[in-house]
Amino acid sequence: MTQLAEPFAMSLPAVSRHLKVLERAGLVSKGRDAQWRPCRLDAAPLREVDEWVKGYRAFFEERYDRLAAQLAEDATEHTEEP
């Protein structure tokens, strides 16, 4: 766990708490090898989330584009008035 904490300004207990959250979420699995506790990242659940979000992303991007066009039109109308 020390190796995981080194690149970050985090204490070992903080790293341990973060790993527990990731483990409960199914994103990290811990193993046991003598005194070592190797961790393995499982990205499959993140891929599932990405697939789920894609539909919403397309929906909201279209809405934001329409909103931007409407705001630009409104701004043009207000600047053209005497």
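The sections below set out a description of the structure shown in this document. (Residues numbered from 1 in each chain as written. Predicted model: local features only at pLDDT ≥ 70, side-chain atom pairs only at ≥ 80, totals over all residues. Heavy atoms only, no water.)

**Regarding the overall build of the protein**
The test is simple: Numbered from the N terminus, helices here are DSSP runs of H or I no shorter than four residues, and strands are runs of E no shorter than two. With the radius of gyration taken over C-alpha atoms, the globule rule is written as 2.2 Å times the number of residues to the power 0.38. Each residue gets one of three labels from its accessible area relative to the maximum for its type: buried under 20%, exposed over 50%, partly exposed in between, using a 1.4 Å probe on protein chains only. Residue contacts are counted whenever heavy atoms from the two residues lie within 4.5 Å of one another. A 1.4 Å probe and the Shrake-Rupley method give the accessible areas. Residues count as covered only by the protein chains that appear here. A positive count includes Lys and Arg, and a negative count includes Asp and Glu. His and the chain ends are not counted in either. Charge coordinates come from a single atom per side chain, which is NZ of Lys, CZ of Arg, CG of Asp or CD of Glu.
Looking only at helices and strands, the protein features 3 helices and 2 strands. The helix and strand sequence of the protein, counted from the amino end, reads α-α-β-β-α. Since a compact globule built from 82 residues should have a radius of gyration of about 12 Å, the 23 Å found for the protein marks it as more spread out than a globular shape. A principal-axis box enclosing the C-alpha atoms of the protein has dimensions of 80 × 30 × 15 Å. The burial tally for the protein puts 9% of its 82 residues in the buried class. Considering only contacts in the protein between residues 6 or more positions apart, those separated by 24 or more positions represent 0%. Carbon and sulfur atoms make up 58% of the accessible area of the protein, which amounts to about 7200 Å² in all. Within the protein, one finds 12 positive and 15 negative side-chain charges whose respective centroids are separated by 19 Å.

**Some points on the layout of surface pockets**
The condition that has to hold: Cavity means a closed set of points on a 1 Å grid over the protein atoms alone, one where a 1.4 Å probe fits but cannot get out, pocket means an open set with protein on both sides within 12 Å along at least 5 of 7 lines, and lining means a residue has an atom within 4 Å of a point. Grid points are joined across faces, edges and corners, and a volume is the space filled by probe spheres set on the points. In this count, Pro and Cys sit with the nonpolar residues alongside Ala, Val, Leu, Ile, Met, Phe, Trp and Tyr, while Asp, Glu, Lys and Arg are called charged and the others, Gly among them, polar.
The space that makes up the second largest pocket amounts to roughly 180 Å³. Leu4, Phe8, Met10, Val15, His18, Leu19, Leu22, Val28, Cys39, Arg40 and Leu41 together form the lining of the second largest pocket. Put simply, the parts of the chain that give the lining of the second largest pocket at least two residues each are helix H2 (12–24) and strand S2 (39–41). Broken down by element, the lining of the second largest pocket gets its largest block of residues, 4 residues, from H2. For the lining of the second largest pocket, a count of residues per class yields 9 nonpolar, 1 polar and 1 charged.

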